[in-house]
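# Fold and geometry: a report
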Amino acid sequence: MAYPVLTNCPVCSQNLKITKLKCNHCDTTIENEFELSKLASLTKEQLQFVETFLVSRGNIKEVEKELGISYPTVRGKLNDIIMALGYDTQKKNELDEKKIVAMLEKGEISPEDAIKLLKGE
Ligand SMILES: [Zn+2]
């Protein structure tokens, strides 16, 4: 039975490396240090969100419907994932203020959503 890959040590919680691979067909095993994809550090829930986001082709409205969560929640989850992947979301947020106002004007988000977004909630 295959388990999901552990990315952190259960003893000291530091990052783990893959050091052994095995061929399913001929049982050949290879030992060395192998890097995990950055995505492997995401939680199961975050990966599920990424999958939904991709299938929706980045359409946040569709992600909202699919997962039954509000626009600010989608944005918050997205920011958490971006940060987990090692990117800084601070600069992006400042640029987004104009976008938030534009979305409010087009009626894409409610005034309450806009306030939450501008407060960074
Ligand atoms: Zn083989």
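The model shown is predicted, which means the values in this text are computed figures rather than measured ones. (Residues numbered from 1 in each chain as written. Predicted model: local features only at pLDDT ≥ 70, side-chain atom pairs only at ≥ 80, totals over all residues. Heavy atoms only, no water.)

## Some remarks on the pattern of salt bridges
Enumeration over the complete set of coordinates arrives at three salt bridges. For K77, the salt bridge goes to E45, with nearest N and O atoms at 2.8 Å. In this pair, K77 is assigned in helix α3 (residues 71-84) and E45 in helix α1 (residues 44-55), connecting sequence segments 32 residues apart. (Salt bridge = Lys/Arg side-chain N within 4 Å of Asp/Glu carboxyl O. Helix = DSSP H or I, 4+ residues; strand = E, 2+ residues; numbered from the N terminus.)

## Digging into the side chain of D113
Note on placement: D113 falls in helix α5 (residues 111-119). This buried residue, D113, is left without a salt bridge; K116 holds the nearest opposite charge, at 5.2 Å. Excluding residues within four positions of it along the chain, D113 makes contact with Y71 and P72. (Buried < 20%, exposed > 50% of the residue type's maximum accessible area, 1.4 Å probe, protein only. Lys, Arg positive; Asp, Glu negative; His and termini not counted. Contact = heavy atoms within 4.5 Å.)

## Let's talk about the packing of α3 against α5
Packing of α3 against α5 brings their axes to within 9 Å, and their N-to-C directions diverge by 25°. It follows from the interaxial angle that α3 and α5 lie roughly parallel. The segment α3 lies against α5, with Y71, P72 and R75 engaging D113, K116 and L117. Of the residues contributing to the contact of α3 with α5, the split by class is three nonpolar, no polar and three charged. (Axes fitted to C-alpha atoms, helices over the stretch in contact; angles between N-to-C directions. Parallel < 35°, antiparallel > 145°, perpendicular 65-115°, else oblique. Nonpolar A, V, L, I, M, F, W, Y, C, P; charged D, E, K, R; others polar.)

## Here's the deal with the pairing of strand β2 (residues 29-34)
Where strand β1 (residues 18-22) lies against β2, four bridges are found, and the strand directions are antiparallel. For L21, the partnering residue across the bridge sits in β2 and is I30. The loop that links β1 with its antiparallel partner β2 comprises six residues; one of these, D27, has a positive phi angle of about 65°. (Pairing = 2+ DSSP bridges.)

## Details of the nonpolar core
In terms of nonpolar packing, the biggest core is built from 14 residues, with F49, Y71, I100 and I109 touching the most fellow members. Taken together, the elements giving at least two residues each to this core come down to α1, α2 (60-67), α3, α4 (90-105) and α5. Among the elements that take part in this core, α3 stands out by supplying four residues, more than any other. Once you skip the residues sitting within four places of it in the chain, I109 turns out to touch Y71, I100, M103, L104, A114 and L117. (Core = buried A, V, L, I, M, F, W, Y, C linked by side-chain atoms within 4.5 Å.)

## Quick notes on the environment of V63
Assignment of secondary structure puts V63 in helix α2. Distance from V63 to V50, taken between C-alpha atoms, is 9.8 Å for residues 13 residues apart in sequence. With sequence-adjacent residues up to four places away left out, V63 is seen in contact with F49, T52, F53, S56, G68 and V74.

## Some remarks on the packing of aromatic side chains
Taken as a whole and assessed by the stated rule, the structure comprises one aromatic pair. Taken together, a centroid distance of 6.3 Å and an interplanar angle of 20° make the contact between F49 and F53 stacked. Residue F49 and its partner F53 are located together in helix α1, separated by four residues, close to a single helical turn. (Phe/Tyr/Trp six-rings, centres within 6.5 Å; stacked < 30°, edge-to-face > 60°.)

## Observations concerning the coordination of the zinc ion
Listed as protein donors to the zinc ion are C23 (SG) and C26 (SG); their distances from the metal cover 2.2 Å. Under the relative-accessibility criterion, C23 is labelled partly exposed at 31%. (Donors = N, O, S within 2.8 Å, 3.2 Å for Na, K, Ca; no water.)

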